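Residue-level listing of the chains:
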Amino acid sequence: MHFDFAAALVLGALITGVIWAVDAAFFAPRRREAAVGDLAHASDPVIVDYARSFFPLIVIVLVLRSFVGEPFRIPSGSMLPTLLVGDFILVNKFAYGLRLPVVDTKILDLGAPQRGDVVVFRYPQDPSVDFIKRVVGLPGDRVSYRDKQLFINGEAVPQAFTGPYGAYPVHAIQVRTETLSHDGHQVLVMPGRETEALEFSVPEGEYFVMGDNRDNSNDSREWGTVPERNLVGRAVVVWMSWVPGEGPLWSRLGTVIH
């Protein structure tokens, strides 16, 4: 069962806020009148104390999570070598506009994804699941992928061999540097694995995304493009990394995602 944390925060803010407001408007004045000369009746009910204490905290967390940043954990290796399984990342929630929590209605447009951005989005086939991939195709682009090479609008995206991945032989898994943006990024390819040729025209208002682990990623090549309304935000930094079975990987802390 999917737990909607944003909805839980909104509900918590609503409940505590209503309790606090109703008490302040109707019951607190009566208690103050009854408490004149009788300190035994001066204290507030426990539920009111809790509501008054938790309401501002819940609202602060809700605002920060909805409009500023949200943490995510990387669950799979589809973005290797850029992101590792167990990386905890921070997602910039206002990079592509501000949206109301739960209903996801955009209230302020602040920009759009660029080629090369690493984005978190709601999986189009199951919006309760968050995915993370790299934007390779913008609205109106013609995206092609053949022989491990990406083409945008008929032009090959610059790609250079960097070396073997880890201890794997160079013919098994290769690291290549791809330049979709001025920063460039690394991708993994398996030269011996066949790649089905693809050509796709990106509809308006949608984005074509791929994992950096090109031969081990469930992405737009399989299920199509990501609608703009499904975007959650742009991945910006690794704030913690915990390797399953090993523990924290301190060298990953503060790694900027590009």
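All figures in this text were calculated on a predicted structure; none of them were measured in a lab.

What counts, and at which threshold
Residues numbered from 1 in each chain as written. Predicted model: local features only at pLDDT ≥ 70, side-chain atom pairs only at ≥ 80, totals over all residues. Heavy atoms only, no water. Helix = DSSP H or I, 4+ residues; strand = E, 2+ residues; numbered from the N terminus. Buried < 20%, exposed > 50% of the residue type's maximum accessible area, 1.4 Å probe, protein only. Patch = residues over 30% accessible without salt bridge, like charges linked within 9 Å, V, L, I, M, F, W, Y side chains within 5 Å. Areas by Shrake-Rupley, 256 points an atom, 1.4 Å probe, with all protein chains shown as cover. Salt bridge = Lys/Arg side-chain N within 4 Å of Asp/Glu carboxyl O. 1 Å grid on protein atoms, 1.4 Å probe; cavity = no way out; pocket = protein on both sides within 12 Å on 5 of 7 lines; lining within 4 Å. Points joined across faces, edges and corners; volume = space filled by probe spheres on them. Nonpolar A, V, L, I, M, F, W, Y, C, P; charged D, E, K, R; others polar. Expected span 1.5 Å × (residues − 1). Bend = angle between axes of the 7 residues up to and from the residue. Contact = heavy atoms within 4.5 Å. Polar contact = N/O pair within 3.5 Å; in protein donor to acceptor, adjacent residues only side chain to side chain. Pairing = 2+ DSSP bridges. Axes fitted to C-alpha atoms, helices over the stretch in contact; angles between N-to-C directions.

Note the cis peptide between L80 and P81, where omega equals 0 degrees. The backbone of V102 sits at a positive phi, close to 75 degrees, despite the residue not being glycine. Note that V102 resides in the loop between β3 (98-99) and β4 (106-108). Exposure remark for V102: the relative accessible area of 43% places this residue in the partly exposed category. The backbone phi angle of K148 is positive, close to 65 degrees, even though this residue is not glycine. Take K148: it is sitting in the loop between β7 (142-146) and β8 (149-152). For K148, a relative accessible area of 6% corresponds to the buried category.

What follows covers a nonpolar patch on the surface. Taken together, the side chains of V10, I60, L64, V68, F94, L100, V102, V103, I107, L108 and L110 make up a nonpolar region of the molecular surface, amounting to roughly 900 Å² of accessible area. Broken down by secondary-structure element, the contributors of at least two residues to the nonpolar patch are α2 (46-67) and β4. Among the secondary structure elements, V103 is positioned in the loop between β3 and β4.

In this structure, the largest pocket spans a volume of roughly 550 Å³. Surrounding the largest pocket, 26 residues form its lining, R65, E70, D104, R122 and V232 being those nearest its centre. Elements represented by at least two residues in the lining of the largest pocket include exactly α1 (5-34), α2, β1 (69-73) and β16 (231-243). The biggest single contributor to the lining of the largest pocket is β16, with 3 residues. Its residues placed into classes, the lining of the largest pocket shows 11 nonpolar, 5 polar and 10 charged.

Between its first and last C-alpha atoms α1 spans 41 Å; for 30 residues at 1.5 Å apiece the expected length is 44 Å, and the two agree. A24 marks the point of greatest bend in α1, at about 50 degrees. Looking at the buried residues of α1, the elements they touch are α2. For α1, the N-terminal cap is D4; the gap from its side-chain oxygen to the backbone nitrogen of A6 is 3.2 Å.

This brings us to the sheet that holds strand β12 (residues 185-189). Pairing in this open sheet of 3 strands is antiparallel, and the strands run β10-β11-β12 from one edge to the other. Because the sheet does not close on itself, it has two edges, and the strands there are β10 (159-164) and β12. Taking each pair of neighbouring strands and ignoring which way they run, the sheet shows an average axis angle of 35 degrees. The pairing of β10 with strand β11 (residues 174-178) spans 5 bridges and is antiparallel. For A160, the partnering residue across the bridge sits in β11 and is T177.

On to the pairing of strand β2 (residues 87-92). Inspection of the sheet shows β1 paired to β2 by 5 bridges, in the antiparallel sense. Looking across to β2, one finds that F72 is bridged to I89. Where β2 lies against β16, 6 bridges are found, and the strand directions are antiparallel. Within β16, the residue paired with L90 across the bridge is V237.

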